[in-house]
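Residue-level listing of the chains:
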Protein chains: 2
Amino acid sequence: MSDAVPAKEAAALDAADGLALKRAEFDLDDRVVYLDGNSLGAPPRAVAGRLADVVGREWGRLGIRSWEESGWWAAPERVGDRVAALVGAGPGQVVVGDSTSVNVFKAVVAAVRLAERDGDGRDEILVDAATFPTDGYIARSAARMTGCRIRPVDAADMAREAGPRTAVALVNHVDYRTGRLHDLPAVTAAVRAAGARTVWDLCHSAGALPVHLDAGGADFAVGCTYKYLNGGPGAPAFLYVRRALQDRFDSPLPGWNSHADPFAMDPAYAPADGAARGRVGTPEILSLLALDAALDVWDGVDLAAVRAKSLALTDFFLRCVEAYVPQGRVESVTPQAHAERGSQVSLRCAAGPAGGAGEVMAELVRRGVVGDFRRPDVLRFGFTPLYTRFADAERAARVLADVLADVGEGAGR
Amino acid sequence: MSDAVPAKEAAALDAADGLALKRAEFDLDDRVVYLDGNSLGAPPRAVAGRLADVVGREWGRLGIRSWEESGWWAAPERVGDRVAALVGAGPGQVVVGDSTSVNVFKAVVAAVRLAERDGDGRDEILVDAATFPTDGYIARSAARMTGCRIRPVDAADMAREAGPRTAVALVNHVDYRTGRLHDLPAVTAAVRAAGARTVWDLCHSAGALPVHLDAGGADFAVGCTYKYLNGGPGAPAFLYVRRALQDRFDSPLPGWNSHADPFAMDPAYAPADGAARGRVGTPEILSLLALDAALDVWDGVDLAAVRAKSLALTDFFLRCVEAYVPQGRVESVTPQAHAERGSQVSLRCAAGPAGGAGEVMAELVRRGVVGDFRRPDVLRFGFTPLYTRFADAERAARVLADVLADVGEGAGR
């Protein structure tokens, strides 16, 4: 296939893209192909103006009154409802705040406590063996503090590994390294059939594809908002607690923001009802309201269309790589099957004469194609359907082929 | 004393104020007397521009590279060192991130674990009986998860109550309700003499007065940055771990940001050295860098001068109240003794014919004097030496007298 064919095809695909107009709602540098939205989403244009108003008027003029008058106090639940709509959750079950790690702690400890209440001696926490590390570290701490043990198992085996000792299974919906998507409803059903509960980590699926928390029967879920939800660097994470469990949700971090009547300043703790029970301390309002503004880009967006474009983009990128890159230089570790693919493509890139995957990614970035590198040998390319174009996918594959050729030549072939 | 006397005195005091020029560095509405900096500090002018740059250039143009190139990754320690300088701590011991509540959890659990290592069977957590509630709620959770018991004692009695069973004493440096300042070095020494460790909550002292964490021998400290440090609504909190304890600091929230080599993505946890061990997940960068910009106002400020002005302001306000408000209408619950006073004045205000303290504060706010109300009957006025003027104190007392008179009349006297 000549270089002209994918470029022409990209132009045709972009012309037919029903989400193409969304790109204008983001502040992007058109000289750069930004394929790192799976690490840090690009800024929606609405954020800068909203932050200026929050600082200048809400903080500067209204000051302390903004906790009520500007809706700061209720923002974790209000923004939570906006996130809920993007992860298949009805209102009142998602709260935004804290980091993903802190929310993993709340959810795993709460799930273990539910098992303790059930009283059937379950003392095992299953953890996705390939998990993003923080989930494993925090789950181990939760195990230590609740007298449980940790057992790492492959996410693909989670359904059959859950057994009579299992209190909770902590699973990544999409693997951060390979981009593999796991079957949330099926795993959830199997874990529940074994009498255990699930905590889903949605960091790499929220905003990337339809997630069906309510319909899938998930018990708990957590996720970040700075990847496909574009909330800004370190934007606050979220916690989902299924409605049926809210009354029994027993948080290990019962800060004053989760009190039934916070301003009573009661020395005795009484938990709030609903999603607010997942709060802890005072939320970081500037980051939270930047996220709120960032979520405006989802107005009127159909997640099925997002998913269709995501799969078309990753399919197309893989075909471009096949067309441009000499066979054997890279190998996709992202599943071919659509049902098993998130919204990224990970290419294993063996070390060549002039360096390994780290050097290749550094050179890609220098040439205006921004993905990222995960040790030891993975090039990650994230595709954000709201702003990534097919032309970006084509250019990324073309520049990758150039870099791989030049890196080889640079070593004196 | 006629009304003219305090007003004249205020003008003279403001004219002689060595910190008076600092006020210009804040974005304040001159029509309002803002005495709520002990709840939410006013915005330093530098914040808006810095946030615009962080969103537009660092996030928008550099994107993911900003974690290194814009210093985002190291910001929790870097900003931590700036806070450290304001609370009497040498560099490398303070990290910024999470909420005060989450940091109380880390510190109290870590202190209990130190006692466990010591192996002398200490299983008691002393909590300031008048504590801001979240400290008590979180300490109780820490006790539950570590097999300890909680014993509330008056902060003034903490020194003599610490005993052979005590693992840790959690004390508020300044009482949020009364404004009473406790003696950090003396309490710390007494608790240490009893073989226990201290966790100081500096929410109402950091930035309000000199704090001597290192010199006073404090083991742990936490605090917020949105009061006298003016970091913005819900600005991230901080955690101090004394250098000598850092190697044994065993966090209950060992997220990936506290790993010795976070990007190794190692399934096994290995804690970082130094202050970074207190980190958990990805920091909320927008809120963190707003705080960073806000801290610029401290450049060249001598905390001894801040303390001197703080005491002069609260002394003067109390004298103005005495001059303007009929005897018996309000009563100060803030100690007269300078050594026992923070940077606020709390006035108990008995319910009058037309309403109680809540109604009085609401009317004060309507008339441009912003303090706050704490149930059941306390009017709180915070004095931030960097921007509060003596004229503000005089006006606040005068308007308070007017409101109290009108509220009485309004009821038909």
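Residues numbered from 1 in each chain as written. Chains lettered and ligands numbered in written order. Predicted model: local features only at pLDDT ≥ 70, side-chain atom pairs only at ≥ 80, totals over all residues.

## Let's talk about the overall build of chain A
Piece 1. When helices and strands are tallied, chain A shows 13 helices and 13 strands.
Piece 2. For the C-alpha atoms alone, the extent of chain A along its principal axes is close to 70 × 55 × 35 Å.
Piece 3. Considering chain A as a whole, with its 413 residues, one finds that 57% of them fall into the buried category.
Piece 4. Long-range contacts, defined here as pairs at least 24 residues apart, represent 73% of the contacts in chain A between residues at least 6 apart. (Helix = DSSP H or I, 4+ residues; strand = E, 2+ residues; numbered from the N terminus. Buried ≥ 20, exposed ≤ 12 C-beta atoms within 10 Å, placed from the backbone. Contact = placed C-beta atoms within 7 Å.)

## Focus: the domain arrangement of chain A
Residues and elements named next belong to chain A.
Piece 1. Its domain assignment divides chain A into domain 1 (4-31 + 302-410) and domain 2 (49-298).
Piece 2. For domain 1 versus domain 2, the distance between C-alpha centres works out to 30 Å.
Piece 3. With 21 residues of domain 1 at the contact, the number on the domain 2 side is 14 residues.
Piece 4. Every element with two or more residues in the side of domain 1 that touches domain 2 is listed here: α11 (303-324) and β10 (344-349).
Piece 5. For the side of domain 1 that touches domain 2, the residue count by class is eight nonpolar, seven polar and six charged. (Domains from an automatic or database assignment. Nonpolar A, V, L, I, M, F, W, Y, C, P; charged D, E, K, R; others polar.)

## Focus on the relation of the copies chain B and chain A
Piece 1. Superposing chain B onto chain A takes a rotation of 180° plus a shift of 0.0 Å along the axis, which leaves an RMSD of 0.0 Å. Taken together, the rotation and translation relating the two chain copies correspond to the operation of a two-fold axis. (Least-squares fit on C-alpha atoms with pLDDT ≥ 70 in both.)

## Considering the nonpolar core
Piece 1. The biggest cluster of nonpolar side chains holds 271 residues, and the ones touching the most others in it are V108 and I125 of chain A together with V108 and I125 of chain B.
Piece 2. When residues no more than four places from it in sequence are discounted, the contact partners of V108 of chain A are I125, I138, A139, A142, V168, L170 and V199 of chain A. (Core = buried A, V, L, I, M, F, W, Y, C linked by C-beta atoms within 7 Å.)

## Things to note about the interface of chain B and chain A
When the parts of a complex come together, some accessible area is lost, and that lost area is often taken as the interface size.
Piece 1. Counting residues at the interface gives 64 residues for chain B and 64 residues for chain A.
Piece 2. Mapped onto the side of chain B that touches chain A, the elements with two or more residues apiece are α2 (46-62), α5 (100-118), α6 (133-146), α10 (285-294) and β12 (372-374) of chain B.
Piece 3. Looking at the side of chain B that touches chain A, the element that brings in the most residues is α2 of chain B, giving nine residues.
Piece 4. Looking at side-chain class alone, the side of chain B that touches chain A contains 36 nonpolar, 17 polar and 11 charged residues.

## A few points about the sheet that holds strand β10 (residues 344-349) of chain B
Residues and elements named next belong to chain B.
Piece 1. One open sheet holds the four strands; their spatial order is β9-β10-β13-β12, and the pairing between them is antiparallel. Looking along the sheet, the strands with just one partner apiece sit at the ends: β9 (330-332) and β12. On average, each strand axis in the sheet is inclined to that of its neighbour by 35°, with strand direction left out of account.
Piece 2. Pairing analysis gives three bridges linking β9 to β10, with the strands arranged antiparallel. (Pairing = 2+ DSSP bridges. Axes fitted to C-alpha atoms, helices over the stretch in contact; angles between N-to-C directions.)

## A short note on the sheet that holds strand β12 (residues 372-374) of chain A
All names here are of chain A.
Piece 1. Reading across the sheet, the four strands line up as β9-β10-β13-β12 and stay open at both edges, with antiparallel pairing between neighbours. Where the open sheet ends on each side, the last strands, each with one partner, are β9 (330-332) and β12. Looking at each pair of strands side by side, their axes are set apart by 35° on average, direction ignored.
Piece 2. When β12 meets strand β13 (residues 378-382), the two strands line up antiparallel, connected through three bridges. Opposite D372, over in β13, you have R380 as the bridge partner.
Piece 3. The strands that α11 touches are β9, β10 and β13; relative to β10, the one it contacts most, it runs at about 25°.

## Some remarks on the packing of helix α4 (residues 75-86) of chain A against helix α10 (residues 285-294) of chain A
Residues and elements named next belong to chain A.
Piece 1. At a minimum axis distance of 10 Å, the contact between α4 and α10 shows a crossing angle of 30°. Taken together, the axes of α4 and α10 are roughly parallel relative to one another. With respect to the hand of their crossing, α4 and α10 are arranged in left-handed fashion. Contacts between α4 and α10 involve A75, P76 and V79 from the first element and I285, L288, L289, L291 and D292 from the second.
Piece 2. Tallied by class, residues from the contact of α4 with α10 come to seven nonpolar, no polar and one charged. (Parallel < 35°, antiparallel > 145°, perpendicular 65-115°, else oblique. Left-handed = near helix turned anticlockwise from the far one by under 90°.)

## Notes on helix α6 (residues 133-146) of chain A
For an α-helix, 3.6 residues make a turn, and residues three or four places apart therefore share a direction.
Residues and elements named next belong to chain A.
Piece 1. Between the first and last C-alpha of α6 there are 20 Å, a value that for 14 residues agrees with the 20 Å anticipated at 1.5 Å per step.
Piece 2. Within α6, 11 of the 14 residues are buried, which leaves it mostly tucked inside the rest of the structure.
Piece 3. Along α6, the positions that sit buried rather than exposed are P133, T134, D135, G136, Y137, I138, A139, R140, S141, A142 and A143.
Piece 4. Here the buried face of α6 lies against α5 (100-118), β3 (124-128), β4 (149-153), β5 (166-172) and β6 (197-201).
Piece 5. After α6 finishes, the residue G147 shows a positive phi value of roughly 75°. (Expected span 1.5 Å × (residues − 1).)

## Things to note about the packing of α5 of chain B against α6 of chain B
Residue and element names in this part refer to chain B.
Piece 1. Across the interface, α5 lies against α6 with an axial gap of 9 Å and an inter-helix angle of 40°. Taken as axis vectors, α5 and α6 run oblique relative to one another. Here α5 runs over α6; the crossing is right-handed. For the pair formed by α5 and α6, the contact residues are T100, S101, V104, F105, V108, V109 and V112 on the first element and T134, D135, I138, A139, S141, A142 and T146 on the second.

## Side note on the environment of R319 of chain B
All names here are of chain B.
Piece 1. Considering the arrangement of structural elements, one finds R319 in helix α11 (residues 303-324).
Piece 2. Taking the number of C-beta atoms within 10 Å as the measure of exposure, R319 has 17 and is therefore partly exposed.
Piece 3. Along the chain, R319 and E394 lie 75 residues apart, while their C-alpha atoms are 9.1 Å from each other.

## Considering the environment of A208 of chain A
All names here are of chain A.
Piece 1. Checked against the element boundaries, A208 lands in the loop between β6 and α9 (213-216).
Piece 2. Sequence separation between A208 and E394 is 186 residues; the distance between their C-alpha atoms is 20 Å.
Piece 3. Residues in contact with A208, not counting those within four places in the same chain, are Y228, S310, G342 and S343.

## A look at the pairing of β5 of chain A
Successive side chains on a regular strand alternate, one facing one side of the sheet and the next facing the other.
Residue and element names in this part refer to chain A.
Piece 1. Across the seven residues that make up β5, a large majority, seven, are buried.
Piece 2. Bridge analysis of β3 against β5 gives four bridges, and the strand direction is parallel. Across the sheet, the residue bridging to L126 is A169, located in β5.
Piece 3. Alignment of β5 against β6, held across five bridges, turns out to be parallel. Bridge pairing in β6 links V168 to R197.

## A look at unusual backbone geometry
Piece 1. For the bond running from R375 of chain A to P376 of chain A, omega is 5°, close enough to zero to count as cis.
Piece 2. In this fold, P376 of chain A is placed in the loop between β12 and β13.
Piece 3. The phi dihedral of N230 of chain B is positive, around 60°, even though this residue is not glycine.
Piece 4. Summarising the element assignment, N230 of chain B is placed in the loop between β7 (220-223) and β8 (238-241).
Piece 5. Looking at N230 of chain B, the number of C-beta atoms within 10 Å reads 29, which means it is buried.

## Some points on the pairing of β6 of chain A
Residues and elements named next belong to chain A.
Piece 1. Counted residue by residue, β6 has five buried out of five residues, so it is predominantly covered.
Piece 2. Side chains R197, V199 and D201 project from β6 onto one buried face, and the interleaved T198 and W200 project onto a second face that is buried too.
Piece 3. Following the backbone out of β5, through helix α8 (residues 184-193) and into the adjacent parallel β6, one traces a crossover that is right-handed.
Piece 4. In this structure, β6 lies alongside strand β7 (residues 220-223), joined through three bridges in parallel fashion. Pairing of W200 across the sheet is with A221, part of β7. (Right-handed = clockwise from strand over helix to strand, strands pointing away.)

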